[in-house]
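Read off the chains here:
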Amino acid sequence: MRSVLGQPGGPRLVVGCVGIVVTGLLVAFVTLMHGATWSTPGETLAGLLGHGEQTFVITRWRAPQVSAALVFGAALGLSGAVFQNLTRNPLGSPDIIGLEASAFTGALVVTACLSGTAAQVATGSVVAGLAAAVVVYALARKGGFSGMRLVVIGIAVNAMVTATNQWLVIRADLEVAMATTAWSAGSLNGTDWHDVRLPFALIAALAVGLALSARTMHQAALGDDLATTSGVRLGPHRLALVVLGVGCTATVTAVAGPISFVALAAPQIGRRITGSAGVPLLPAALTGALLLAASDLLAQTLTRPVPLPVGMITTAVGGAYLIWLLVMEVRKR
Amino acid sequence: MTGLVAHDLTLGYGERVVSTGLSLAVPPGRLTAVIGPNACGKSTLLRALVRLQEPRAGRVELDGVDLRRLRPREVARRIGFLPQRMVAPEGISVTHLVRRGRYPHRDWRLTWTDVDEAAVTRALLDTGVEDLASRRIEELSGGQAQRVWLAMVLAQETELLLLDEPTTFLDLAHQYDLLRLLARLRDAGRTVVVVLHDVNQAARFADHLVAMQAGRVVAAGAPAEVVTADLVEQVFGLACEVVPDPVAGSPMVVAH
Ligand SMILES: Nc1ncnc2c1ncn2[C@@H]1O[C@H](COP(=O)(O)OP(=O)(O)OP(=O)(O)O)[C@@H](O)[C@H]1O
Ligand SMILES: [Mg+2]
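Criteria and thresholds
Residues numbered from 1 in each chain as written. Chains lettered and ligands numbered in written order. Predicted model: local features only at pLDDT ≥ 70, side-chain atom pairs only at ≥ 80, totals over all residues. Heavy atoms only, no water. Contact = heavy atoms within 4.5 Å. Buried area = accessible area lost by both parts, 1.4 Å probe. Salt bridge = Lys/Arg side-chain N within 4 Å of Asp/Glu carboxyl O. Polar contact = N/O pair within 3.5 Å; in protein donor to acceptor, adjacent residues only side chain to side chain. Helix = DSSP H or I, 4+ residues; strand = E, 2+ residues; numbered from the N terminus. Nonpolar A, V, L, I, M, F, W, Y, C, P; charged D, E, K, R; others polar. Axes fitted to C-alpha atoms, helices over the stretch in contact; angles between N-to-C directions. Parallel < 35°, antiparallel > 145°, perpendicular 65-115°, else oblique. Donors = N, O, S within 2.8 Å, 3.2 Å for Na, K, Ca; no water. Buried < 20%, exposed > 50% of the residue type's maximum accessible area, 1.4 Å probe, protein only. Phe/Tyr/Trp six-rings, centres within 6.5 Å; stacked < 30°, edge-to-face > 60°. Lys NZ or Arg CZ within 6 Å of the ring centre and 35° of its normal. UniProt positions renumbered as here; feature names shortened; annotations may be inferred. Pairing = 2+ DSSP bridges.

1. Description of the interface of chain A and chain B
Part 1 of the argument: In this complex, chain A contributes 27 residues to the contact, which on the side of chain B involves 34 residues.
Part 2 of the argument: Of the roughly 2500 Å² buried between chain A and chain B, counting both surfaces, carbon and sulfur atoms make up 55%.
Part 3 of the argument: Connecting chain A to chain B are two salt bridges.
Part 4 of the argument: For B:Glu90, the salt bridge is made with A:Arg271, and the minimal N-O distance between the two is 3.5 Å.
Part 5 of the argument: Joining chain A to chain B, the criterion identifies eight residue pairs in polar contact (both at pLDDT 80 or more).
Part 6 of the argument: For the side of chain A that touches chain B, the secondary structure elements donating two or more residues are α8 (193-220) and α9 (224-229) of chain A.
Part 7 of the argument: Sorting elements by how many residues they give to the side of chain A that touches chain B places α8(A) first, with five residues.
Part 8 of the argument: Partitioning the side of chain A that touches chain B into residue classes produces eight nonpolar, 14 polar and five charged.

2. Comments concerning the packing of helix α3 (residues 55-87) of chain A against helix α11 (residues 262-274) of chain A
All names here are of chain A.
Part 1 of the argument: Between α3 and α11, whose axes approach to 7 Å, the crossing angle comes to 75°. With respect to α11, the axis of α3 lies roughly perpendicular. Taken together, the residues of α11 that come into contact with α3 (itself represented by Gly73, Leu76, Gly77, Gly80, Ala81 and Gln84) are Val262, Ala263, Leu264, Ala266, Pro267 and Gln268.
Part 2 of the argument: A per-class count over the contact of α3 with α11 returns seven nonpolar, five polar and no charged.

3. With respect to the coordination of the magnesium ion (ligand 2)
Angles between donor atoms at a metal ideally measure 109.5 degrees for a four-coordinate tetrahedral arrangement and either 90 or 180 degrees for a six-coordinate octahedral one.
Residues and elements named next belong to chain B.
Part 1 of the argument: Those protein atoms acting as donors to the magnesium ion (ligand 2) are Ser43 (OG) and Gln84 (OE1), and they sit at 1.9 to 2.4 Å. Of the two residues, Ser43 is situated in helix α1 (residues 42-49) and Gln84 in the loop between β6 (79-82) and α3 (94-99); the sequence distance between them amounts to 41 residues.
Part 2 of the argument: With a relative accessible area of 32%, Gln84 lands in the partly exposed category.

4. Describing the packing of aromatic side chains
Part 1 of the argument: One pass over the structure, following the stated rule, counts five aromatic pairs over all chains.
Part 2 of the argument: Considering the side-chain rings of A:Tyr321 and A:Trp324, the 6.0 Å spacing of their centres and the 35° angle between planes classify their relative orientation as tilted. Taken together, the positions of A:Tyr321 and A:Trp324, both in helix α13 (residues 310-332) and three residues apart, correspond to about one turn of that helix.
Part 3 of the argument: Against the face of B:Tyr103 rests B:Arg73, its NZ or CZ located 4.9 Å from the ring centre.
Part 4 of the argument: The residue whose ring lies beneath B:Arg99 is B:Trp112, and the NZ or CZ to ring-centre distance is 5.1 Å.

5. Let's talk about the UniProt feature "transmembrane region" (unreviewed entry) in chain A
All names here are of chain A.
Part 1 of the argument: Residues annotated in UniProt with the feature "transmembrane region" (unreviewed entry) correspond here to residues 12-33, 66-84, 96-115, 121-140, 238-266, 273-294 and 306-327.
Part 2 of the argument: Between the end C-alpha atoms of residues 121-140 there is a gap of 28 Å, over a span that is 95% helix and 0% strand.
Part 3 of the argument: Segment residues 306-327 splits into 82% helix and 0% strand. End C-alpha atoms: 36 Å apart.

6. Topic: the sheet that holds strand β1 (residues 4-13) of chain B
Residue and element names in this part refer to chain B.
Part 1 of the argument: Taken together, four strands build an open sheet; the order of strands is β2-β1-β4-β5 and the sheet is antiparallel. What marks the edges here is a single partner per strand, and that holds for β2 (16-25) and β5 (65-66).
Part 2 of the argument: Looking at chain direction, strand β4 (residues 57-62) and β5 are connected through two bridges and run antiparallel. The residue bridging Glu61 from the neighbouring strand is Asp66, located in β5.
Part 3 of the argument: Helix-sheet contacts for α1 involve β1, β2 and β4, and the interaxial angle to β1 is about 120°.

Next comes the structure, spelled out in structure tokens:
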């Protein structure tokens, strides 16, 4: 059995992926039931199928947000897997090395200073994310792509850019500031179909690009020498991966703001559940979807009736994971 | 000129120049052994021959064509290389690692052909690791892992095979297994270049011996001509006697 993404896998991969999908769909279904009052499973199912009085609420209000959680989570998981492969380091994900925060800077500048359209915001976000990738790589150049140097420099860039983002939000006009406060915490609240059409299409295209690059990405995991002597052109391959990976994280950030730690945690949890070699894409995407859907359910229900930004949940839970991971990585050395 | 030929190479890292004016012709269909003391530039030469190291000057040609003008995948279908050090992706099994050797032969589709499967099976059998097929790399001993990596490079099925110290982690019996395997590959028509530290093994199994010192080739030719007491003294700084190997009759170095 071979997976769609070109990694040969055993039964454990299939069972693991099916398990993650089923759990994710369950979480999504429970989230669909949640509103000012809880709908019953029967009402929710009927609503989804277009019958009953709750159809409008469920398909127009709740479904867009739940879909956004699943698709954006998958995109973040993919982007995390891409950068963890590139850096050969479980800490090397876009939310840790400052790419996500920089993508948000781009989105903020285009929105607050230029009041751009959704497509312009997305473009600003991608451009700023790519610029950050270039800066981090240039500063870490001596140590190459893999190695702790790039991660440490990325963490510093992340801190500086996050501070800049806060300053931008504070400096913005009061009206804009009100809107950007929830956004800058990373939120899916109030998402409607209109908001997600463009990002969903972009993410689908990026995922196809990544699926086509997957085999080369795994070949490159054998180290620069063996990758090169087995025919990988490392330069163009890495450029493609950086563009696709930044594309994923920036597309999500442009709409939902910076949602941290999903990209960091999903690839590692996914590979453990599926018993995979290296850091494969499919388990990372599925786990990302599950993680963000579950976090959004918590964000909506913890402080009922006022929802929290989902970024607060992922930061709280993910922060604990990051500390554990740092301790493990330091112990290895 | 057919086969792999290096012309007048200058090789180095940053400020450090390792070799200048290094030329070498790899005889096609033969087993070539490269010997020389630590840090004399053996690995650097091999890396230049498989385009891992860009020469500062000079060029490496494959059948008369500069390597830099060939497509990387094309080169990978013709030249296989086993580096001195390797890293395996975490959690990968032996079979899955060996399958990665098929990379240059596969296109963007996901099809895994019978040819691919046959190459992997043959590589596992040739290196004697078929019993380990479902184990994870990190659970293997150094010598077992070394043979698995060799299997991966064999699965690449290249006419040229360059190996950097493939016997390092192997016990004595497995060292000879590996050398015999290389001789069989040579008999099957492949060209093999191998860096060895044991001069006696090199002299016994190689058709062509290249002795290096301080980045230069100081002698190249049939083992019987190359391995002399003078040369060993000059290259390794070791006073010795050279006597015929009692089993193979090849030159054998015995230190004073
Ligand atoms: N990546 C590198 N950066 C800088 N210098 C290097 C690098 N690799 C090797 N060298 C230097 O180049 C010289 C030749 O090294 P090389 O690895 O080719 O030696 P070798 O003959 O293969 O030695 P050994 O028998 O120990 O494997 C040495 O002086 C070494 O210190
Ligand atoms: Mg060496």
